[in-house]
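# Secondary and tertiary structure notes
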Amino acid sequence: MTYFAPKSEQEYKEYLDNLLVEYQFACFSEKLGDGCYRLANYHEVIKNDHATAAKIYKMSCDEMNYGHGCYRYGTFAFLGRGMDKNVPQSTGYYERACNLGFLKACHNTGVAYMQGDGCEKNINRAIDYFKKACSGSISESCLSLWSTYFNGHHGDIAQDRPKALEYASKACDLDLFQGCVNALIMHRRGDGVPKDPEREKYFKQKADAIKRKYSEPGVVFGETHQNLE
């Protein structure tokens, strides 16, 4: 990968100006959802103009059906960034993003339906969204499914420890530390499943490996890109 290394402040400014023109052309002339998303992100990060960014993220969703743009606009609506806070609108855009295939939004939609946050509470619908996200390798949704089936949910969802273990194992396979810990504890205790020292050992080794990975210099546990997620 080649990185741009400006030799002067003027060269850096020219580079950013060229990017802006490129993104504007991709968005407004070529009508590309990805182009509008990048233009919105430019206004968010470079210009620190959240109001303009919000409008362009919304456009990428409403006019171009770009899932990542829907997700980002949903986040702006949830936080009240560049606009008035609007949780129901946020949930609607997360759901739309999920239906357009941006699976991280499926997790957010599941959380919203689980809590009745900006929508009518619907546990079964939440489970459906968590399952969609988990099957798409969103580890947090796998962990949410573990919790739901491990504990049950107020009569809506019955306890199902084998199914809980299935989702803890999936979260672990996706390198989520807590998923590995939950799976090893269930095998250690025989918590609704047979005790299995070998499987316990496997999940402990996996958890230790994940912990080491995120303990390396320069790596922050749970780190995500703040603006491009």
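Residues numbered from 1 in each chain as written. Predicted model: local features only at pLDDT ≥ 70, side-chain atom pairs only at ≥ 80, totals over all residues. Heavy atoms only, no water.

As a reminder, the rule being used: UniProt positions are given in the numbering used here, feature names are shortened, and annotations may be inferred rather than shown by experiment.
The name that an unreviewed UniProt entry assigns to the chain is Cytochrome c oxidase assembly factor 7, with the source organism given as Rotaria socialis. For the record of the chain, the UniProt heading Sequence similarities (unreviewed entry) holds the text "Belongs to the hcp beta-lactamase family."

### Some thoughts on the packing of helix α10 (residues 177-189) against helix α11 (residues 197-213)
As a reminder of what qualifies: Orientation is described by lines fitted to C-alpha atoms, with helices fitted over the stretch in contact, and by angles between N-to-C directions that extend from 0 to 180 degrees. Secondary structure elements are taken from DSSP: a helix is a run of H or I of four residues or more, a strand is a run of E of two residues or more, and numbering for both begins at the N terminus. Angle categories: roughly parallel below 35 degrees, roughly antiparallel above 145, roughly perpendicular from 65 to 115, and oblique for all the rest. In this scheme, a crossing is called left-handed if the near helix is turned counterclockwise away from the far one by less than a right angle; it is called right-handed if the turn is clockwise. In what follows, residue pairs with any heavy atoms lying within 4.5 Å of each other are defined as contacts.
Where α10 contacts α11, the two axes come as close as 8 Å, and the packing angle between them is 160°. Classified by the angle between their axes, α10 and α11 sit roughly antiparallel to one another. α11 is crossed by α10, and the crossing has left-handed handedness. Contacts between α10 and α11 involve F177, C180, V181, A183, L184, H187 and R188 on the former and, on the latter, R199, E200, F203, K204, K206, A207, I210 and K211.

### Describing helix α5 (residues 87-99)
Put simply, the test is: Expected helix span is taken as 1.5 Å per residue step, with the number of steps being one fewer than the number of residues. Residue exposure (1.4 Å probe, protein chains only): buried if accessible area is under 20% of the type maximum, exposed if over 50%, otherwise partly exposed. Here a polar contact is taken to be a pair of N or O atoms separated by no more than 3.5 Å, where protein atoms must pair a possible hydrogen donor with a possible acceptor and residues adjacent in sequence count only if both atoms sit in side chains.
Relative to the 18 Å expected for 13 residues at 1.5 Å per residue, α5 spans 18 Å between its end C-alpha atoms, a close match to the ideal helical length. Those residues of α5 lying buried are V87, S90, T91, Y93, Y94, E95, A97 and C98. In this structure, the buried side of α5 is in contact with α3 (50-62), α4 (67-79), α6 (103-115) and α7 (123-135). For α5, the N-terminal capping position is held by N86, with its side-chain oxygen 2.9 Å away from the main-chain nitrogen of Q89. Taken from the residues just after α5, G101 is the one with a positive phi, measuring 100°.

### Observations concerning the packing of aromatic side chains
Put simply, the rule is: Working definition: a ring pair exists when centres of Phe, Tyr or Trp rings (six-membered ring for Trp) sit within 6.5 Å. Plane angles under 30 degrees give stacked, over 60 give edge-to-face, the rest tilted.
Counted by the stated rule, this structure contains 11 aromatic pairs. Judged by centre distance (5.0 Å) and plane angle (45°), the ring pair of Y71 and F102 falls under tilted. Remark: F102 occurs in the loop between α5 and α6 and Y71 occurs in helix α4; sequence separation between them is 31 residues. We note that Y71, like F102, is buried. Arranged with centres 6.0 Å apart and planes meeting at 10°, the rings of Y149 and Y167 form a pair that is stacked.

### Digging into unusual backbone geometry
One non-glycine residue with positive phi stands out, namely S137, at about 75°. With respect to the secondary-structure elements, S137 resides in the loop between α7 and α8 (139-151). Classification of S137 by relative accessible area gives partly exposed; the value is 43%. Even without being glycine, H154 reaches a positive phi, approximately 45°. Summarising the element assignment, H154 is placed in the loop between α8 and α9 (161-173). A relative accessible area of 72% means that H154 is categorised as exposed.

### A few points about the state of the cysteines
Quick note on the threshold: Disulfides are defined in this document as cysteine sulfur pairs within 2.5 Å.
Counted according to the given criterion, the structure contains five disulfides. Here C27 engages in a disulfide with C36; their sulfurs sit 2.0 Å apart. Where C27 bonds to C36 through sulfur, the torsion about that S-S bond is close to 85°, and the disulfide is right-handed. Classification of C27 by relative accessible area gives buried; the value is 0%. With relative accessibility at 0%, the residue C36 sits in the buried group. Sequential numbering of the bridged cysteines in the chain gives the disulfide pattern 1-2, 3-4, 5-6, 7-8, 9-10. The thiol of C119 is unpaired, and the distance to the nearest cysteine sulfur, on C98, comes to 13 Å.

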